[in-house]
Amino acid sequence: MQELVIASNNAGKIREIRSMIDNISLLSLKDIGFSDEIPEPYDTFEQNAHIKAETIHRFSGKSVFADDSGICVPALGGAPGVFSARYAGVGASDEDNLQKLLAETATKDNRSAYYKAVICLIWKGETHYFEGVCHGSLLSEKRGTGGFGYDPIFVPDGYEQTFAELPLDVKNNISHRGKAVRAMVAFLKEQTGR
Ligand code: IMP
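The structure reproduced in this document is the subject of the present report. (Residues numbered from 1 in each chain as written. Predicted model: local features only at pLDDT ≥ 70, side-chain atom pairs only at ≥ 80, totals over all residues. Heavy atoms only, no water.)

What the protein contains, in helices and strands, is five helices and six strands. Sequence-ordered secondary structure for the protein, helices as α and strands as β, is β-α-β-α-β-α-β-β-β-α-α. Taking 16 Å as the expected radius of gyration for a compact globule of 194 residues, we find that the protein reaches 17 Å, a close match to that expectation. C-alpha atoms of the protein, sized along the principal axes, occupy 50 × 30 × 25 Å. Within the protein, the fraction of its 194 residues that count as buried is 48%. (Helix = DSSP H or I, 4+ residues; strand = E, 2+ residues; numbered from the N terminus. Rg over C-alpha atoms; globule rule 2.2 N^0.38 Å. Buried < 20%, exposed > 50% of the residue type's maximum accessible area, 1.4 Å probe, protein only.)

Structure below.
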């Protein structure tokens with residue numbers, strides 16, 4: 001079976017991605033013995049995904065993919081965007097970040113928001129990008145206990161439940177990461193002839 005490293009330590013993300021890929025042996029950073037923090041110094045999802053994938057490719061020599069993702073709120077000029085993981089400061093928890101987003105949007109009438117994910121795949125030494133977007137709107141209080149990050153306040157378009165209330169398979173079907181991962185999986189199937 002082909003091996004592919006997921007360049008992430010985010011347990012929520014890894015769980016979602018593992019549930020979508022079954023014909024490739026997925027290795028975590030722990031599996032390959034990588035324990036450093038990877039910097040995300042850029043202001044585009046593409047550049048941050050690329051530096052993560054490249055760092056791990058250099059370390060392991062294996063095929064690897066990294067995703068960079070976040071939630072973008074038009075009423076906040078697109079924030080928190082690439083800064084979603086550290087919106088309330090470096091080392092902030094998911095709860096701190098979510099509370100900051102609730103506070104920043106408390107007086108906003110435009111509740112629209114979208115999640116975006118960009119995957120950078122380094123496969124056999126070549127670099128490829130895949131992207132997914134999921135549009136929805138923000139609640140003013142949390143609902144649900146599933147998912148991670150901003151999921152308890154994000155209701156995807158066409159649904160009444162938040163991403164934290166919807167089952168994981170439903171989230172994967174419509175989410176930004178689900179779309180980007182499926183595009184990558186389709187590419188890998190072509191490559192591996194499966
Ligand atoms: P990254 O690890 O730099 O890509 O940061 C992603 C951050 O964006 C996460 O820590 C969350 O704050 C947010 N995020 C991305 N995707 C999701 C999702 O599917 N649900 C909830 N939050 C997400």
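Side chains on a regular strand alternate between the two faces of the sheet. For strand S3 (residues 64–72), a buried count of nine out of nine residues is recorded, marking the element as mostly surrounded by other parts of the structure. Side chains Val64, Ala66, Asp68, Gly70 and Cys72 project from S3 onto one buried face, and the interleaved Phe65, Asp67, Ser69 and Ile71 project onto a second face that is buried too. As judged from the two bridges shared by strand S1 (residues 3–6) and S3, these two strands associate in the parallel manner. Each bridged residue has a counterpart across the sheet, and for Ile6 the counterpart in S3 is Phe65. Pairing of S3 with strand S4 (residues 112–123) involves nine bridges; the strand directions are antiparallel. By the bridge assignment for S4, Cys72 is matched with Tyr114. (Pairing = 2+ DSSP bridges.)

Using the criterion set out here, one finds eleven salt bridges in the structure. Residue Arg177 pairs with Glu16 through a salt bridge whose shortest N-O separation is 2.6 Å. Of the two residues, Arg177 sits in helix H5 (residues 176–192) while Glu16 sits in helix H1 (residues 11–18), which places them 161 residues apart along the sequence. With a relative accessible area of 2%, Glu16 lands in the buried category. The residue Glu131 makes a salt bridge to Lys116 at a minimum N-O spacing of 4.0 Å. On the criterion of sequence distance, the pair formed by Glu131 in strand S5 (residues 126–138) and Lys116 in strand S4 is long-range, its members being 15 residues apart. Owing to a relative accessible area of 45%, Glu131 belongs among the partly exposed residues under this scheme. Overall, the relative accessible area of 18% leaves Lys116 in the buried class. One continuous salt-bridge network, built from bridges that share partners, spans Glu16, Asp67, Asp151, Lys171 and Arg177. (Salt bridge = Lys/Arg side-chain N within 4 Å of Asp/Glu carboxyl O.)

To continue, consider helix H3 (residues 94–105). Across its twelve residues, H3 extends 17 Å between first and last C-alpha, which sits within 8% of the 16 Å expected from 1.5 Å per residue. Three or more residues of H3 are buried, namely Asn97, Leu98, Leu101, Leu102 and Thr105. One side of H3 carries all its buried residues, which in axial view fall inside an arc of 140 degrees. In this fold, the buried residues of H3 make contact with S3 and S5. (Expected span 1.5 Å × (residues − 1). Arc of directions from axis to C-beta. Contact = heavy atoms within 4.5 Å.)

A few words now on the pairing of S4. Within S4, ten of the twelve residues are buried, which leaves the element mostly enclosed by the surrounding structure. Taking the residues between adjacent antiparallel strands as the criterion, S4 and S5 are bridged by two residues, where Lys124 takes a positive phi near 50 degrees.

We now examine the sheet that holds S1. Spatially, the six strands line up as an open sheet ordered S2-S1-S3-S4-S5-S6, and their pairing is mixed. Each having just a single partner strand, strand S2 (25–27) and strand S6 (154–156) make up the two edges of the open sheet. On average, adjacent strands in this sheet sit at an angle of 35 degrees to one another, irrespective of strand direction. Lying on the sheet, H1 is in contact with S1, S2 and S3; it crosses S3 at an angle near 115 degrees. (Axes fitted to C-alpha atoms, helices over the stretch in contact; angles between N-to-C directions.)

Purely geometric numbers; function is a separate question.
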